Structure formats: structure tokens, C-alpha cells
Amino acid sequence: MSDAEIAEKLIDGKGFAAGLRARVTEETAELKAAHGIVPGLAAVLVGEDPASQVYVRNKNKQTVEAGMNSLGETLPVDTSQTDLLAEIDKLNKDPAVNGILVQLPLPDQIDPHAVIDAIDPAKDVDGFHLRNVGLLATGRGGMVPCTPLGCLMMLKDRLGDLTGLNAVIVGRSNIVGKPMAQLLLSANCTVTIAHSHTADLPAVCREADILVAAVGRPQMIKGDWIKPGATVIDVGINRVPAAEEGKMRLVGDVAFDDAVKIAGAITPVPGGVGPMTIACLLRNTLVAACIQNGIDVPDI
Ligand code: NDP
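Below or above, wherever it landed, is the structure these notes cover. All chains use their own residue numbering, which begins from 1 and follows the written sequence. pLDDT decides what is reported in this predicted model: residues at 70 or higher carry local features, side-chain atom pairs at 80 or more are listed and counted, and totals for whole chains, interfaces and linings draw on all residues regardless. As a convention, hydrogens and water are excluded, and side-chain values are obtained from all of the structure's heavy atoms.

Next up on the list: the pattern of salt bridges. Salt bridge criterion: a side-chain nitrogen from Lys or Arg within 4 Å of a carboxyl oxygen from Asp or Glu. For the structure shown, the criterion picks out six salt bridges. Between Lys90 and Glu87 there is a salt bridge, with the nearest N and O atoms lying 3.4 Å from each other. One end of the pair is Lys90 and the other is Glu87, both in helix α4 (residues 81–93) and three residues apart, which spans about a single turn. Strands here are runs of E lasting at least two residues and helices are runs of H or I lasting at least four, both read from the DSSP assignment and numbered beginning at the N terminus.

Here is the structure:
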């Protein structure tokens, strides 16, 4: 395949995320000018997990670039559940905070469900609170988890109306697979959720007009598992050794080089789904600020 043919099939998540961030920045400026409101996003990080630190640093930077206030705390790794819940309570009551994000994973002494369920659902910009999970499952809106929301936006941008398409999601986690399935069901797809116990996974994948891989296993989904012309969304982020000794590189859950020859469109890793997650977090924070202040939510 020529570079031009590959480029035509690529879904440019990086560019799409930049466009979404620009729209959020514009609407944030409008909110400030018209109502004097500056959305605030608080990230709570417990401990010093390097990947979480990178994510939170990127999030803080992009929050400020969008014209929002970046708030929040880094707490020591031995923070008790009681102290973390007290911090959440403080943020729930703080009118300057419109969105709260607790960075996962949390240290072992803390029950993540207890923490997520303590966040005010109106400020739960990750969409993980039981109330928001229930609202999504019943098709009644609420805060939608950022990664699947980003995937849906890219799919609609590429394919338009998704009605009637067969969607297969490999992975059933609460943060990616299950909400992705709910969103595609709401978009009138016929949805199959596959997981580690699925019989004949390659055959299931070959039925997919839309294939979403959210597994966490490097290049597990092979080119010949893909239906010709299908749209492939690769959520996976896996570190593998690079050709150069001692270096690492990122790959997705899909064997990209083979898959791109068969698929009609595909997200690369890196530069596909990844950049959309923070862009959608900023979008959710803007939406939360509007709803909390009784202002019409902009269509972004
Ligand atoms: P989880 O580990 O929570 O879930 C993985 C899912 O994959 C499980 O449902 C598991 O099945 C399924 N699975 C594992 N092995 C197989 C297999 N051999 N065959 C079929 N299914 C399998 O992962 P997450 O959902 O949190 O993340 C998935 C990937 O997405 C990771 O690489 C993660 O880094 C990435 N990610 C990327 C984000 C982004 O911003 N781009 C955001 C979030 C995640 P079972 O339930 O049966 O165990």
C-alpha cells in the first residue's frame, strides 16, 4: 500500500482532538464573557504512579490552555480512604469546582467504588458514578465516559449515521467496553460485546462493520480478523520494546500494518483514540459548568 492510501484510511484522532479543544476553548471564552463563569476542573491524584502523573500533568496543561481553572490535589500514597473521602466532600461543596476526576488506579487501602460513588454525579466528568452509568444505560443522558465518547465522535464524523451497522467491542471494562456498547446501542448499531471467554473471537470480529478493540494486549487483533472495509477503533495503549535496544514504543491492540490493508478506516496508535480522552474531559467539564449554572449546553 502506498503512503497516500494509508493516509486516506487513517482516522486522525490528534487532529480531531485539536478541533474539539478549539471549540471547547471558544465556548469557554463565551461562557466567561456572557456569564462571568470560568469552569474549574479538579484532579485528585493519590501517590506517584508515573503514568498517572503524566496524564494529570497533560490534563492540567490542556485545562489551562482551554481557559479553565485547573485545581485539585496530589495526596500521599498512604492517604486513608477517610481522608480521600473528606477531600472529595470538600470539592463537591466548592462552587469553583465544576468537574472532579479521581485518577485511577488508587492504592490498595482505598476502595475505588466508594470514592467514585462519593463524587457529586453533577461533577462526575469521568462518567463513572452509578447514577451516570444508570442514566447512560437507560438512554437518559448524564455524564458520558471520556474515552468511549471520543470514539463515538470519531465514528460519527467518519461514517455519519451508524444505524443498522454491526458493532463488535472487544473488552467489557466499566470505563471503556461497557459504556462504548451503550453509546453504539443508542446510535442504533447491533452490538456484540466480546471478552476473554468469547468463543471463536476471530469469527465474531469478522462480522463487525465497526470493530472497537479495548483489550490491553499488544496487536492481538490480526488483519484477517477484520471484515473488508470495516472501521476499526483501537483503544489499546501497550508499551513494547522498540527496535532500538533499551527503547520502548506504543502499539495498540490491533496489528496495524496488516489491519490497515483490510479496514476501510482505522485509528493509529499513538495519535488515534488517546488524544480524544482529555479533549472529551474538557468538553464534559464545560457541559457540567453550564448545567450547574442553568445555562444552555453548547452543541459541541
Ligand atoms: P481492562 O483490563 O479493564 O479490560 C480488558 C478487557 O479485555 C476485559 O474485558 C477482558 O475480558 C478483555 N480481554 C482480555 N484478554 C482478552 C482476550 N485474550 N480475548 C478477548 N478479550 C480479552 O482494560 P481497559 O478497558 O481499562 O483498557 C483496555 C485498553 O485500553 C488498555 O490497553 C488501556 O491502556 C487502553 N485505554 C486507553 C485509553 C485511552 O485514552 N486511549 C483509556 C482507557 C484505556 P474479561 O472481562 O473476560 O477479563
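Let us look at the environment of Val260. Within the fold, Val260 resides in helix α10 (residues 256–262). Any residue under 20% of the maximum accessible area for its type is buried, any over 50% is exposed, and the rest in between are partly exposed; the area is computed with a 1.4 Å probe on protein chains only. Residue Val260 is classed as buried on the basis of its relative accessible area of 2%. With residues near it in sequence (within four places) discarded, Val260 still touches Met1, Ile6, Lys9 and Ile266. Here, two residues are considered to be in contact whenever any of their heavy atoms come within 4.5 Å of each other.

The set of buried Ala, Val, Leu, Ile, Met, Phe, Trp, Tyr and Cys residues whose side-chain atoms join them within 4.5 Å is what this entry labels a nonpolar core. By size, the foremost hydrophobic cluster in this structure holds 54 residues, and its most contacted members are Leu162, Met180, Leu184, Val212, Ile233 and Val235. The domain boundaries here were taken from an automatic or database domain assignment. Counting contributing residues per domain, this core is built from domain 1 (36–135) and domain 2 (146–275), each supplying no fewer than three. With sequence-adjacent residues up to four places away left out, Val212 is seen in contact with Val168, Ile169, Val170, Met180, Leu184, Ile233 and Val235. Core analysis: the second largest hydrophobic core is formed by 19 residues, Ala213, Trp225, Val232 and Ala259 among them.

This part takes up the sheet that holds strand β4 (residues 166–170). Taken in spatial order, the five strands line up as β5-β4-β6-β7-β10 in an open sheet, and their pairing is parallel. With one partner strand each, in any of the chains shown, β5 (190–194) and β10 (265–266) form the two edges of the open sheet. Here, a strand pair is defined by DSSP locating no fewer than two bridges between the strands. Two strands pair when backbone bridges link them, and β4 and strand β6 (residues 210–213) are joined in this way by four bridges, in the parallel orientation. Note on β6: the bridge partner recorded for Ala167 is Ile210. Only the contacting stretch of a helix is used when fitting its axis, a line to C-alpha atoms as for every element, and angles between N-to-C directions run 0 to 180 degrees. Contacts from helix α7 (residues 146–159) reach β6, β7 (231–234) and β10 within the one sheet, and its direction differs from that of β7 by about 160°. On the sheet, helix α8 (residues 177–186) packs against β4, β5 and β6 and is oriented at approximately 170° with respect to β4.

Purely spatial values, then, with no claim about function.
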